[in-house]
Amino acid sequence: MMNGELLAARALHLSLTALIVTAIFVRPTVFQQAISERRLFAPILYIFSAICSIVLYFVVSCMDPGYVKKDDADVEPLEVIVDDEAGGSNDEDASLFQVKHDKNNDSVKFNLKPHQRCGFCRLKKPMRAKHCRDCKRCVRRFDHHCFWMANCVGERNHKFFLLFITSELALLVWSFSISLSGFVKPADGEEWISVNLLLVIADIFIGVFVFVTFILFTMHTYSAFTNNTTWESISKQRIPYLSKLTANPFDMGFCRNFYLFCCVCRAQDWTKYYENAKSNLLKKTTTTTTGGGGYRKLETPARGHEFSDDDDDGEETTFSREQLHTSLQVENEQS
């Protein structure tokens, strides 16, 4: 399914780009006049900009957005501890167990706490990571899954996504301004649509794309300067490590946020930033004065649920017998 989505998205992007560029050069625009007069700088610059935009599209579309891998230093596999009675089978030849992710079931225990695990990938989930059901992978600093790119936007490719959106917006505005010079007014007014049909179709697509890309440019520029993500903005109340805090714990100021967004390529340990920011926030908000001069204690996030995301728990996970350890074995090792 992902292969079909990839092919469809890329074919559509290339087709629409070719349509707009063709309309600009086929119709009698200022570019056509400039070429006839051998003033080639602007047409060549336009073609170069279009090629750069296409290259950036494929960079974002093909790039690893920041997948969580089992070999990462801060990642470990999810293992399960099951009582003999809940093992699912007494057959010594059975090699697999199916374990329901029921947090209320005391007979099933995991080596990772709920806020640390992804039940789909069966891996430890770093902070700000989210499981994408389209890519079927966990993505660090997950922003969103872009169907136009047929890829996720995450920690590694977010900067390139913003660069692509910026270049695409500039190219679309330039294309629209050039296209206006190519409309021809025929002697018969009723033939205007048929004579200018190619430019009319191109400008309709340009108008739609300018509207969409401007919104995306505004959103992701704001995200870059505030160290926020689309997922965290939309789902803040569903993300326990954010729902109880009034401020963004990852916001370190415009300059540092933009530096982390653009210039840092390695995976970040967001837990460190979060703990520092949360301790500072709690210092300011642990107690507040009330009308009578008294004090009341504010609610703080419960530990153990700061990183959890119920969507990532999974419904059922299959483990090999080697991954299962009985509670009795664990108790014997601890004693």
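Going along each chain's sequence as written, the residues are numbered from 1 onward. pLDDT decides what is reported in this predicted model: residues at 70 or higher carry local features, side-chain atom pairs at 80 or more are listed and counted, and totals for whole chains, interfaces and linings draw on all residues regardless. In computing side-chain properties, one takes all heavy atoms of the structure into account and sets aside hydrogens as well as water.

Structural notes on the overall build of the protein chain
Only DSSP runs of H or I covering at least 4 residues are called helices, and only runs of E covering at least 2 are called strands; the numbering of each starts at the N terminus. On a plain count of helices and strands, the protein chain comes out with 11 helices and 13 strands. When burial is assessed residue by residue, the protein chain has 41% of its 335 residues classed as buried. We call two residues in contact whenever any of their non-hydrogen atoms come within 4.5 Å of each other. Pairs at least 24 apart in sequence give 69% of the contacts found in the protein chain among residues at least 6 apart. Carbon and sulfur atoms make up 59% of the accessible area of the protein chain, which amounts to about 19,000 Å² in all. Buried residues are those whose accessible area, probed at 1.4 Å on protein chains only, stays under 20% of the maximum for their type, while exposed residues exceed 50% and partly exposed ones sit between those limits. Computed with the Shrake-Rupley method and a 1.4 Å probe, the accessible areas treat only the protein chains shown as cover for residues.

Quick word on the pattern of salt bridges
Salt bridge, as used here: a side-chain nitrogen of Lys or Arg that lies within 4 Å of a carboxyl oxygen of Asp or Glu. Applying the stated criterion across every chain, the model contains 5 salt bridges. Put simply, arginine 156 and aspartate 64 hold a salt bridge, and the shortest N to O gap is 3.7 Å. Taken together, the residues span a long stretch of sequence, with arginine 156 in the loop between strand S9 (151-153) and helix H4 (158-179) and aspartate 64 in the loop between helix H3 (41-62) and strand S1 (80-82) at a distance of 92 residues. Among the ionic pairs, arginine 140 bridges to aspartate 72, the shortest N-O distance being 3.1 Å. Placement of the pair is arginine 140 in the loop between strand S7 (137-139) and strand S8 (144-146) and aspartate 72 in the loop between H3 and S1, with a sequence separation of 68 residues. A relative accessible area of 7% places arginine 140 in the buried class.

What about the side chain of arginine 140?
Contacts described as polar in this section are N or O atom pairs within 3.5 Å, which, within protein, must combine one atom able to donate a hydrogen with one able to accept it, while residues neighboring in sequence count only if both atoms come from side chains. A polar side-chain atom of arginine 140 sits 3.1 Å from a polar atom in the side chain of aspartate 72. Apart from residues no more than four positions distant in its own chain, arginine 140 is found in contact with Pro65, Gly66, Val68, Asp72, Asp74, Val75, Pro126, Arg128, Ala129, Gly154, Glu155 and Ala267.

Section: H3
An α-helix turns once per 3.6 residues; consequently, residues spaced three or four apart project the same way. Take the residue count of a helix, subtract one, and multiply by 1.5 Å to get its expected span. For H3, spanning 22 residues, the distance from its first C-alpha to its last is 31 Å, which sits close to the expected 32 Å at 1.5 Å a residue. What H3 keeps buried is the set Pro43, Tyr46, Ala50, Ser53, Leu56, Tyr57, Val60 and Ser61. Burial along H3 is one-sided: seen end-on, the buried residues are contained in an arc of 150°. H3 presents Phe41, Ile44, Phe48 and Cys62 as exposed residues on the side facing more than 90 degrees away from its buried surface. As used here, the arc is the angular range of directions from the helix axis to the C-beta atoms.

A look at the packing of H4 against helix H6 (residues 197-226)
Here, axes are lines fitted to C-alpha atoms. For helices the fit covers the stretch in contact, and angles between N-to-C directions go from 0 to 180 degrees. Where H4 meets H6, the axes come as close as 8 Å, and the angle between the chain directions of the two elements is 145°. Note on packing geometry: the crossing formed by H4 with H6 is left-handed. Each of His158, Phe161, Leu162, Ile165, Thr166, Glu168, Leu169, Leu172, Val173, Ser175, Phe176 and Ser179 in H4 lies in contact with H6, whose residues at this interface are Leu199, Asp203, Ile206, Phe209, Val210, Thr213, Phe214, Leu216, Phe217, His220, Thr221 and Ala224. Residues are grouped as follows: Ala, Val, Leu, Ile, Met, Phe, Trp, Tyr, Cys and Pro are nonpolar; Asp, Glu, Lys and Arg are charged; all remaining types, including Gly, are polar. When the residues that make up the contact of H4 with H6 are grouped by side-chain class, the tally is 15 nonpolar, 7 polar and 2 charged. Crossing handedness follows the turn of the near helix against the far one: under a right angle anticlockwise gives a left-handed crossing, and clockwise gives a right-handed one.

A closer look at the environment of phenylalanine 161
Mapped onto the secondary structure, phenylalanine 161 falls in helix H4. Classification of phenylalanine 161 as buried rests on a relative accessible area of 1%. Sequence separation of phenylalanine 161 and serine 61 is 100 residues, and the distance between their C-alpha atoms is 9.0 Å. Setting aside chain neighbours within four positions, we find phenylalanine 161 in contact with Val60, His144, Cys146, Met149, Val153 and His220.

Details of a nonpolar patch on the surface
In this analysis, a patch consists of residues with relative accessible area above 30% that form no salt bridge, clustered at 9 Å for like charges and at 5 Å for the nonpolar side chains Val, Leu, Ile, Met, Phe, Trp and Tyr. Together, Ile204, Val208, Phe211, Val212, Phe214, Ile215 and Met219 make up a nonpolar patch on the protein surface, roughly 650 Å² of accessible area in all. Its place among the elements puts phenylalanine 214 in helix H6.

Some thoughts on helix H9 (residues 254-263)
Within the sequence span of H9, burial applies to Asn257, Leu260 and Phe261. Within H9, the buried residues cover an arc of 95° as seen down the axis, which keeps them to one side.

Looking at the packing of aromatic side chains
Two rings from Phe, Tyr or Trp (for Trp, the six-membered ring) form a pair when their centres are within 6.5 Å of each other. A pair whose planes differ by under 30 degrees is stacked, one over 60 is edge-to-face, and the rest are tilted. For the structure shown, the criterion picks out 16 aromatic pairs. When the ring of phenylalanine 225 is compared with that of phenylalanine 258, the centres are 4.6 Å apart and the planes differ by 10°; the resulting orientation is stacked. Of this pair, phenylalanine 225 sits in helix H6 while phenylalanine 258 sits in helix H9, and the two are 33 residues apart along the sequence. Note on phenylalanine 258: relative accessible area 32%, which makes it partly exposed. Feature note: the residues Phe25, Phe31, Tyr46 and Trp174 constitute an aromatic cluster, connected by ring pairs. We note arginine 137 situated over the ring of tyrosine 67; from NZ or CZ to the ring centre the distance is 4.3 Å. Its end group placed over the ring of tyrosine 273, lysine 272 keeps NZ or CZ at 5.4 Å from the ring centre. A ring is considered to have a charge above it if a Lys NZ or an Arg CZ atom is located within 6 Å of its centre and within 35 degrees of its normal.

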